[in-house]
Amino acid sequence: MMMACEASLRDAEPPTVEQEGSPRLSEGGSTLAFAGTGALLASRFHSLAEFKSLVQVEYASNGDVTDTSIAVQSQVKLTHRSHGEEVVGILASGLSQEDIMNAKKEGFWGRVGLLYSAPYPVANRADLERVLTFARRIPLTFGEGDPAFLDLAQTSVANINTPNLAFLTALDTSEKGYLNTFNHITAQAFITTIFSEELADVVADLHERKNMPELTTGRFTAAQLSNPDNNPVENYVDIVNNEWGQELGKRLRDRYQITRKTHWSPTLLADYLNEVQAYYSWAFGIGFQPFRPEDELMLRFTSKLNLVMGDGFGL
């Protein structure tokens, strides 16, 4: 949920190469290269304390999180304020992607239990399957070179044309840098635009709970805090970015009048993704080469969008 100002997410012009001598970035500490406008990069944080200096983190539970004799419910609330706008991401304890997959394997009684504990995912299982299809490369169904959300994010990273502004740390070029941020925001924008903010929230929460259940309690071990491959800072950055992606998705839905019945064209898809890149330009002070309707990726992902959202697609 968000209290948004009226200004467009792309009011600022993307920087050009000539502007590289005067980036909108401060130097030193946790503020290294934060334009401070929305999206975050996990690669710019060195610790959970640094993250908390920029994002408000609050924990709540209905019992002692160390007491295993009671069913404890816990949640974390992340509040990020940026240039007159605010996003609030709430992750509560509950089912994960793995729990849903296990329930499917358990047959009828597993599904009954899932219906009781997670009525929304069950009621919207067809759309969840559609989202999963967009998130996966499935060449056996869609042909060789089938693209997924990740391919859109990878192309946006490749489209960055101001490397001196963008890549200020070694990790910025890794999966933990722009690629992860772009993947989360692009996917959440699409899910929100095509389906709903509620479905986008459910998809995001199922994913994050699988990554690290301790995210809702804050009871991290020293090993978790120092793990270079999976630590709470990266997961919390993902939660914040998911919220910014949803806000972007709502604005683009309204701008292009997109519904789940929209027939996508390569031009519409390229325009949509160029709007997403304009948001990244605004957020990070970097520039991009545009997506073009004739690009193979645009043609392939457009075809996938229309097939999956069509009435005749079997799920």
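Figured I'd write up the structure that's included with this text. Predicted model, so just to flag it, every value in this text is computed and none were measured.

## Focus: the packing of aromatic side chains
Here comes step 1: The final tally for this structure, using the stated rule, is 19 aromatic pairs.
Here comes step 2: Among the aromatic side chains, those forming a connected cluster through ring pairs are F167, Y178, F182, Y279, Y280, W282, F284 and F288.
Here comes step 3: In this structure, K304 is placed above the aromatic ring of F142, and the distance from its NZ or CZ to the ring centre is 5.1 Å.

## Remarks on the pattern of salt bridges
Here comes step 1: A complete count under the given rule lists 14 salt bridges for this structure.
Here comes step 2: As a salt-bridge pair, D146 and K304 come within 3.0 Å of each other at their nearest N and O atoms. You can see D146 sitting in the loop between α6 (139-142) and α7 (149-159) and its partner K304 sitting in helix α14 (residues 296-309), a full 158 residues away along the chain.
Here comes step 3: Classification of K304 as buried rests on a relative accessible area of 2%.
Here comes step 4: Of the charged contacts, one joins E275 and R255 as a salt bridge, the two residues approaching to 3.0 Å between their closest N and O atoms. Residue E275 is located in helix α13 (residues 266-284), and its partner R255 is located in helix α12 (residues 232-256); the two are separated by 20 residues in the primary sequence.

## Brief notes about the nonpolar core
Soluble, globular proteins show a tendency: their nonpolar side chains are buried together.
Here comes step 1: One finds F51, L78, F190, Y236, W264 and Y279 to be the most contacted residues of the largest nonpolar core, which totals 71 residues.
Here comes step 2: Counting residues per element, this core draws most heavily on α13, which supplies 11 residues.
Here comes step 3: Discounting chain neighbours no more than four positions away, the residues touching F51 are L40, F45, V57, L78, V233, Y236, V237 and V240.

## Re the packing of helix α5 (residues 125-135) against α14
Here comes step 1: Where α5 meets α14, the closest approach of the two axes is 11 Å, and the angle between their N-to-C directions is 165°. Here α5 is positioned roughly antiparallel relative to α14, judged by the angle of their axes. At the point where α5 passes α14, the crossing takes the right-handed sense. Judged by residue contacts, R130, T133 and F134 of α5 engage F301, K304, L305, V308 and M309 from α14.
Here comes step 2: Residues belonging to the contact of α5 with α14 are distributed by class as follows: 5 nonpolar, 1 polar and 2 charged.

What counts, and at which threshold
- Residues numbered from 1 in each chain as written.
- Predicted model: local features only at pLDDT ≥ 70, side-chain atom pairs only at ≥ 80, totals over all residues.
- Heavy atoms only, no water.
- Phe/Tyr/Trp six-rings, centres within 6.5 Å; stacked < 30°, edge-to-face > 60°.
- Lys NZ or Arg CZ within 6 Å of the ring centre and 35° of its normal.
- Salt bridge = Lys/Arg side-chain N within 4 Å of Asp/Glu carboxyl O.
- Helix = DSSP H or I, 4+ residues; strand = E, 2+ residues; numbered from the N terminus.
- Buried < 20%, exposed > 50% of the residue type's maximum accessible area, 1.4 Å probe, protein only.
- Core = buried A, V, L, I, M, F, W, Y, C linked by side-chain atoms within 4.5 Å.
- Contact = heavy atoms within 4.5 Å.
- Axes fitted to C-alpha atoms, helices over the stretch in contact; angles between N-to-C directions.
- Parallel < 35°, antiparallel > 145°, perpendicular 65-115°, else oblique.
- Left-handed = near helix turned anticlockwise from the far one by under 90°.
- Nonpolar A, V, L, I, M, F, W, Y, C, P; charged D, E, K, R; others polar.

Purely geometric numbers; function is a separate question.
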